[in-house]
Each structure stands twice: as structure tokens, then as C-alpha cells.
Amino acid sequence: MEVDVTRSAGALGDPTARALQSAAGAFGLLASPMRLHIVWLLSQGDRDVTSLAEEIGASLPAVSQHLAKLKLAGLVHSRREGRRQVYFVNDPALVTVVRVMLGQFADRTAPVAEVRELGV
């Protein structure tokens, strides 16, 4: 689901409607804390669903369901290793976006939801 905004930009550097739609779809999928955590963990290295579930502290079915959505959108990929399905992220741009976003919010004292309640 990699979108090159600069290549698809108009004369003034504005992204195309298609690029905006693709980016909004990806951000929508990453709006789930569990899916964001999955992508962050996969950006650190390949993992199977059991490892992901243990690290996240969630059930196998819940993690599998989130992985299926991420895979369908092309944000996550998988390969078979023996009897295991191993998941990975092979898009450096996606890894950068996730790391930047998490880095931006790691040191904030007020979550975005609280800021929204203030009308900001």
C-alpha cells in the first residue's frame, strides 16, 4: 500500500485524491491501538502470531483478526516457515511513519483524546 505522494503530486505539490484516500485508509487501520502495536513490533523484526499475542498480551484470535486486516490492506505480509506463518513489514516508509508517530506521542503528558475534550 505504499504511496509516493511526491510522484503523484499536482503542480503545487498537493497529493492526488487517490494518494489522500490511500493514506487515510492506512491511517484508519493504524487507528487501532492493537494494530499499531502489531505494526510497531513487526517493524522491530519478523514474528509469528503466537509471539505477537504474547508480547501484546492479547488472545490469538484477536491478533489473527487484526493481522488479517493489515495483510488485506498490504501493510503487513507473511511467509510460511515450516508449520508457522511469519509476519513482517517490508515497507520502510510505513515503519518510519509508525516510529515517528509513536515517538511524537511517547513523551506527551496529555493523550490526544483528552486534548480533543478540551476543544482543541
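Residues numbered from 1 in each chain as written. Predicted model: local features only at pLDDT ≥ 70, side-chain atom pairs only at ≥ 80, totals over all residues. Heavy atoms only, no water.

Caption draft 1: How the structure looks around the overall build of the protein chain. A count of helical and extended segments in the protein chain gives six helices and three strands. Listing each helix as α and each strand as β along the protein chain from the N terminus yields α-α-β-α-α-β-β-α-α. Each of the 120 residues in the protein chain was classed as buried or not, and the buried ones make up 27%. Summarising the internal contacts of the protein chain: among those between residues at least 6 apart in sequence, 48% fall at separations of at least 24. Carbon and sulfur atoms make up 56% of the accessible area of the protein chain, which amounts to about 7,900 Å² in all. (Helix = DSSP H or I, 4+ residues; strand = E, 2+ residues; numbered from the N terminus. Buried < 20%, exposed > 50% of the residue type's maximum accessible area, 1.4 Å probe, protein only. Contact = heavy atoms within 4.5 Å. Areas by Shrake-Rupley, 256 points an atom, 1.4 Å probe, with all protein chains shown as cover.)

Caption draft 2: Up close: helix 4 (residues 60–72). Between its terminal C-alpha atoms helix 4 stretches 18 Å, which fits the 18 Å expected from 13 residues at 1.5 Å a residue. Among the residues of helix 4, those classed as buried are V63, H66, L67 and L70. Buried positions in helix 4, seen along its axis, are confined to an arc of 105° and lie on one side of it. In helix 4, the exposed residues that point more than 90 degrees away from the buried face are P61, Q65 and L72. Buried residues belonging to helix 4 abut helix 1 (17–30), helix 2 (33–44), helix 3 (49–56) and strand 3 (84–88). If you check the start of helix 4, you find a side-chain oxygen 3.2 Å away from the backbone N of A62, and it comes from S59. Directly after helix 4, the chain includes G74, whose backbone phi takes a positive value near 85°. (Expected span 1.5 Å × (residues − 1). Arc of directions from axis to C-beta. Polar contact = N/O pair within 3.5 Å; in protein donor to acceptor, adjacent residues only side chain to side chain.)

Caption draft 3: Quick look at the side chain of R35. Looking at where R35 falls in the secondary structure, it is placed in helix 2. In this structure R35 is buried but unpaired, with D91 as the nearest side chain of opposite charge at 16 Å. Apart from residues lying up to four places away in sequence, R35 is in contact with G28, L29, L30, H66, K69 and L70. (Lys, Arg positive; Asp, Glu negative; His and termini not counted. Salt bridge = Lys/Arg side-chain N within 4 Å of Asp/Glu carboxyl O.)

Caption draft 4: Structural context of the sheet that holds strand 2 (residues 77–81). Read across the sheet, three strands follow the order 1-3-2 without closing on themselves; strand pairing throughout is antiparallel. The two strands at the open ends of the sheet, each matched to only one other strand, are strand 1 (47–48) and strand 2. (Pairing = 2+ DSSP bridges.)

Caption draft 5: Focus on the pairing of strand 2. When strand 2 meets strand 3, the two strands line up antiparallel, connected through five bridges. Looking across to strand 3, one finds that H77 is bridged to F88. If you look at the hairpin formed by strand 2 and strand 3, you'll find two residues sitting between the two strands, and G82 has a positive phi there, around 65°.

Caption draft 6: Quick look at the pairing of strand 3. Two elements, strand 1 and strand 3, share two bridges in a ladder whose sense is antiparallel. Note on strand 3: the bridge partner recorded for D48 is V86.

Caption draft 7: Local environment of the pattern of salt bridges. Scanning the model with the defined rule gives five salt bridges in all. Its salt-bridge partner being E55, residue R47 comes within 2.5 Å of it at the nearest N-O pair. The buried category is assigned to R47, whose relative accessible area is 17%. The partner of R79 in a salt bridge is E81, and the shortest N-O contact between them spans 2.9 Å. By relative accessible area, E81 is classed as partly exposed at 33%. Put simply, D46, D48, R79, E81 and R84 are held in one network by salt bridges that share partners.

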